[in-house]
Amino acid sequence: MGKASTIRSIFMAGSATLLLAACTQGEEIESPGSSGSGTPPGGGGGGGGGGVSMDTCPTGLSQSGTVGGGATQQVVCDIAGTIISDLTLPFKDDDNDGIPVAYRINGRVNIGVDVGFDGTASGAAPATLTIEPGVFVFGESGNDFIVVNRGSKIEAAGTQSRPIIFTSRADLDSAPTDDRTNSIGEWGGLVILGLAPINDCATGTLNTASCNNIIEGVTAPEASYGGGDAADDSGTLRYVQVRFAGFPLAAGDELNGISFGGVGTGTEVDFVQVHNNSDDGIEMFGGTVNLRHIVLTGNDDDSLDTDQGWNGNLQFLIVSQTDGRGDNGFEMSSAGLGTSDDTDPTIANFTIVGSTRDRLSPGNAIRLNSGHRGTFLNGVVTDVDACFRWQQSAGNGDTTFDAGVDPTFLSVIFDCDGGLARAAVTGSADPDDDEPDNLTGVPADMVADDAPASAEKMSTITSNFQSGTMEETPMAMPADLTTVDPFFEDTDYLGAFGPDETETNNWASGWTFNLFTDPGCPAGTTNTNTTIAGKNVCELDGVITTDLTLTRNNHYEIAGRVDVGVDVGSTGAPSGAALRIEPGTTLFGNSGADFIVVNRGAQIFSNGTRSNPVIMTSEDDLELEGIVPPPSRLDAIGEWGGLVVLGQAPINDCATGTLGMADCNNIIEGVTAPEASYGGGDAADDSGSIMFTRVMFAGFPLAAGDELNGISFGGAGSGTDVQYVQVHNNSDDGIEMFGGTTNLKYIVLTGNDDDSLDTDQGWNGNVQFLIVAQRSGRGDNGFEMSSAGLGTTADTDPTIANFTIAATTRDRLSPGNGIRLNSGHRGNFINGVITDIDHCFRWQQSAGNGDTTFDSGIDPTFVNSLFDCDAGLARAAITGSSDPDDDEPDNLTAVPAAMLAAGAENTDSVSVSLINGFINDGAINGRTAFTDLNTNVDAFFENTTYIGAVENAMDDWWAEWSCGLEEDDC
């Protein structure tokens, strides 16, 4: 943005006058570089015409040698001087015209002569530059740039397969193997000027059409912008790349990739990228122009710079900085201060991915200063520095948030290593810091009090900018965006890309440059040089000691025991090791020896999405992908190990240490050589997040009672986020909780061979929305619930609400149960539905406080639950040892009547017929629910008006990401 008052005249205007040239559009073929695969191949260039016919260039343009080399060599046609009549740059290639052509910007090229703020300037000469799809336009130095003057137009309408590319000779001459990562400032840039209002007048009067200013970066003669026509039309930029541009005249007076000065709403800007500009990517100097589908990558100063009263809209924006470069993602200012003509854009569905900077002081994702307002909707902000530089001069110029005057953020995730706000900077160490002493913290209510609120929370944006779980269902969304302005498309996700878009099928694919990367096998994995189901296989093994991201373009083989981190003990600081798994990624093992252990102090982020879940499965299962018809996997179990997540939250069974102390440790079952420990004193321990994840066909027995479950949580804390998780066809338990405080929500447990949910060792978490569906002939208990304690405060004591247990016949010497309660287990069970071919309960005398009577506050409690079991409510006592799993055969008793009578609306006298085996029928929905869960039980819970896990056929929280509920589709 413009900060300096001194302007040096270094450019000379060309004097040539060029006339209209009309040529036929070429055939529809993909242009070099249009697919984002990099600079077109070449090498060499320059020189003479090579015997090419002189009529290769359009009439009025001179031929000046070639650019590029080999198959990509193009004849150069020069554009120079001032264009005062309409000019078309036709697409020519070796298919339709025999001679590929590129167009060189020779010095400053003016499109038209300025018509003035009111269209009556002396000598005015409007003109239109039309550029056909697939055309390359290039410059050779910072002296080469295009200025579209007021009253004139640029019509650059490319297509997705043939974008229009503005770039440098160095780029076109480069070889495909050249590293262009740090190539910047190789030509000038594109300047578009219009007659729309601005709020900073070099001449004229504010708030009148006479308010004019002079665009930065252009001298001799200067170029003016501004006027009174908010709907002014400067043409079209569609499917356009601007690469390797930018040129400094002086500090604060530079050519940007694209500068818009006073450009109006009649101008179309859609599908535009600015890449590796030496100053700002796009800078808005006032005006009203709207932008959509914008990509700003690798720019050296600010990616988006707004100033002088720009009041347009922008939707779908990606900002991606390059490590070692870049200042702010957004730098936003205004000549006004709390006035109606402030810079006040509305920006929706944006993603800012910041980077490390090689600077004396760090940049920020967003810098807000000098009277800038703005409304920011459905965004994701990530940065290694701070999210904000919030200056006191922003908004209305004070340190408080005032709605309607200060910037507003609605449904924005802020995930920045440097925190939300940058601290004050004193002195002058930062060469870009012109207000070093007046920084302040971001007013909390600017972010937190907006409804729906924005928040500092983890982003799950992938390495290629695709939305993750947090971006799809993170918080309440704003009202329909079309009610904000008809310009906007309504969206229900945060960030630039929606959940149905992928790296190869999204609005930015096919026409952008170096936006998406193909990382191959990530560092920390090994390329096996094999494929399964059409995807490359990377091997995951050993111990992961740093952050490792598994990108979804590969499959990942779990080779043996894989440890995430090294155990830090019950009180050690986090190790910093994290396994991050992108949406749509599949991991697999091929034997029970292949499993993952997330050790204490480490984290796992298995964050799928509804449409692209993370899948952990077996090699046998993965190799069947694409086979039609698919073979039945109904009884496939135990084909690999499973997932073990360990933390430092309290447990009530100590192998070492003292009960009730942080040193109480235990050893997780199913893991040996070396053993893996869990437990500690941090109830809020955070082992990461597991969302929209399926674990299938796992489980492995070491010995009776010592098995790998689908997922084992050992001492995991409440900071661990577990939502939308399925365990299917595990050979032992689906999920087992060994102590800790982790909460679970939206859980599907299908076809597991022992217990679906097994709880023990003092687990005191919450669960809401849980489906248990056993497969015929297999499975033991829906819930098996025990505790090392006995009637003490350290008992296993979870609260489980809105659950459905659909148990089946078992092929066993003795039947299973819907719920088996024993050995000191308490628990609160609310709004449940239990159906079973056998008994609803195995109620052992050792449950609760260990006697046969119901004691409120000590024994398990059921509220508003329905029991419909063919063999009755309680399982009778079994004597002898015919049941191999019956370790307490003689102390069974009937469920105490008071245990059910104490809970309102419990019943065992209603028959139900679950729809598809897990969805409520009319009889269930005729029951009264306990509705005040959120305030009367725990803030974790959502209030519901129904019992059971799935209210009706319209309730589809389980759909898309899970499998096996409606048919054998796992």
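Residues numbered from 1 in each chain as written. Predicted model: local features only at pLDDT ≥ 70, side-chain atom pairs only at ≥ 80, totals over all residues. Heavy atoms only, no water.

Section: the overall build of the protein
When you go through the protein residue by residue, the secondary structure sums to 8 helices and 59 strands. For the protein, the proportion of its 970 residues judged to be buried stands at 61%. Split by element, the accessible area of the protein, about 31,900 Å² in all, is 49% carbon and sulfur. (Helix = DSSP H or I, 4+ residues; strand = E, 2+ residues; numbered from the N terminus. Buried < 20%, exposed > 50% of the residue type's maximum accessible area, 1.4 Å probe, protein only. Areas by Shrake-Rupley, 256 points an atom, 1.4 Å probe, with all protein chains shown as cover.)

Side note on the state of the cysteines
Using the criterion set out here, one finds 7 disulfides in the structure. Across the disulfide from Cys 521 sits Cys 538; the S-S distance is 2.1 Å. Of note, the bridge from Cys 521 to Cys 538 carries an S-S torsion of about -90° and is left-handed in sense. Residue Cys 521 is located in the loop between α4 (481-484) and β31 (526-532), and its partner Cys 538 is located in strand β32 (residues 535-544); the two are separated by 17 residues in the primary sequence. Classification of Cys 521 by relative accessible area gives buried; the value is 18%. (Disulfide = S-S within 2.5 Å.)

Topic: the packing of aromatic side chains
To describe a pair of aromatic rings, you give the distance between the ring centres and the angle between the ring planes. Following the criterion strictly, the structure yields 32 aromatic pairs and no others. Linked through ring pairs, Phe 330, Phe 350, Phe 376, Phe 388, Phe 409 and Phe 414 together constitute an aromatic cluster. Above the face of the Phe 487 ring, Arg 292 is positioned so that its terminal group lies 4.0 Å from the ring centre. Across the ring face of Phe 940, the terminal group of Lys 745 is positioned such that the distance to the ring centre comes to 4.5 Å. (Phe/Tyr/Trp six-rings, centres within 6.5 Å; stacked < 30°, edge-to-face > 60°. Lys NZ or Arg CZ within 6 Å of the ring centre and 35° of its normal.)

Here we look at the environment of Val 137
As for its placement among the helices and strands, Val 137 is situated in strand β8 (residues 136-139). Looking at Val 137, the relative accessible area reads 1%, which means it is buried. Contact partners of Val 137, with chain neighbours within four places excluded, come to Leu 89, Tyr 103, Ile 105, Ile 131, Ile 146, Ile 165, Phe 166 and Thr 167. (Contact = heavy atoms within 4.5 Å.)

Focus: the pattern of salt bridges
Throughout the structure, instances matching the rule amount to 24 salt bridges. Linking Arg 373 and Asp 342 is a salt bridge whose minimum nitrogen-to-oxygen distance equals 3.1 Å. Within this pair, whereas Arg 373 is found in the loop between β26 (364-368) and β27 (375-383), its partner Asp 342 is found in the loop between β24 (330-332) and β25 (346-353), the two being separated by 31 residues in sequence. Since its relative accessible area comes to 14%, Arg 373 is described here as buried. Residue classification places Asp 342 among the buried residues on the basis of a relative accessible area of 0%. Note that Arg 775 and Asp 753 form a salt bridge whose closest N and O atoms lie 3.4 Å from each other. Here Asp 753 lies in the loop between β49 (743-750) and β50 (757-760) and Arg 775 lies in the loop between β51 (766-773) and β52 (783-785), a separation of 22 residues in the sequence. (Salt bridge = Lys/Arg side-chain N within 4 Å of Asp/Glu carboxyl O.)

Digging into the pairing of strand β9 (residues 145-148)
Residues Phe 145 and Val 147 of β9 are buried on one face, and the alternating residues Ile 146 and Val 148, pointing to the opposite face, are buried as well. With 4 bridges joining them, strand β6 (residues 101-111) and β9 adopt parallel strand pairing. When the bridges of β9 are listed, Asn 110 appears paired with Val 147. Examined bridge by bridge, β9 and strand β12 (residues 189-193) share 4 bridges and lie parallel to one another. Paired with Phe 145 across the bridge in β12 is Gly 189. (Pairing = 2+ DSSP bridges.)

Focus: the environment of Ser 712
In this fold, Ser 712 is placed in strand β46 (residues 711-714). We classify Ser 712 as buried; its relative accessible area is 0%. Separated by 70 residues in the primary sequence, Ser 712 and Gly 642 have C-alpha atoms spaced 8.2 Å apart. Leave out the neighbours within four places in its chain, and Ser 712 touches Leu 643, Val 644, Val 645, Ile 668, Glu 736 and Phe 738. Polar contacts involving the side chain of Ser 712 include one to the side chain of Asn 709, which spans 2.9 Å. (Polar contact = N/O pair within 3.5 Å; in protein donor to acceptor, adjacent residues only side chain to side chain.)

Digging into unusual backbone geometry
Here the amide bond leading from Ala 220 into Pro 221 is cis, since omega sits at -5°, within 30 degrees of zero. Its place among the elements puts Pro 221 in the loop between β13 (213-214) and β14 (224-225). Along the chain, Ala 673 connects to Pro 674 via a cis peptide bond; the corresponding omega equals -5°. Following the sequence through the fold, Pro 674 ends up in the loop between β41 (666-667) and β42 (677-678). The phi dihedral of Phe 465 falls on the positive side, at around 75°, and the residue is not glycine. Relative to the helices and strands, Phe 465 resides in the loop between β30 (455-456) and α3 (469-472). Assessed through its relative accessible area of 6%, Phe 465 is described here as buried. One non-glycine residue, Asn 514, adopts positive backbone phi at about 55°. Within the secondary structure, Asn 514 sits in the loop between α4 and β31.

Focus: the side chain of Glu 501
Here Glu 501 is to be found in the loop between α4 and β31. This buried residue, Glu 501, is left without a salt bridge; Arg 552 holds the nearest opposite charge, at 9.2 Å. A polar contact of 2.7 Å, which involves the side chain of Glu 501, links it to the backbone nitrogen of Gly 498. Polar side-chain contacts of Glu 501 include one of 3.1 Å to the backbone nitrogen of Trp 507. (Lys, Arg positive; Asp, Glu negative; His and termini not counted.)

Brief notes about the pairing of strand β22 (residues 304-307)
Neither face of β22 is left uncovered, since the one carrying Leu 304 and Thr 306 and the one carrying Asp 305 and Asp 307 both have all their residues buried. Judged from the 4 bridges that link them, strand β20 (residues 282-285) and β22 form a sheet pairing that is parallel. Within the sheet, the bridge partner assigned to Glu 283 lies in β22 and is Asp 305. Where β22 meets β24, 3 bridges bridge the pair, whose relative direction is parallel. From the neighbouring strand, Thr 306 faces β24, where its bridge partner is Met 332.

Overview of the environment of Gly 261
If you trace the backbone, Gly 261 turns up in strand β18 (residues 258-261). When its relative accessible area of 0% is taken as the criterion, Gly 261 is described as buried. Among all residues touching Gly 261, those that are not within four sequence positions of it are Ile 192, Leu 193, Gly 194, Ile 215, Tyr 225 and Phe 285.

A word on the confidence of the model for the protein
Per-residue pLDDT for the protein has a mean of 84; in total, 81% of the residues score no lower than 70. Confidence over residues 424-439 falls short of pLDDT 50; this stretch has 32 contacts with residues more than four positions distant or in other chains. Low pLDDT (under 50) marks residues 877-893, which in the prediction has 35 contacts with non-local residues, meaning those over four places away or in another chain. (pLDDT = per-residue confidence, 0-100.)

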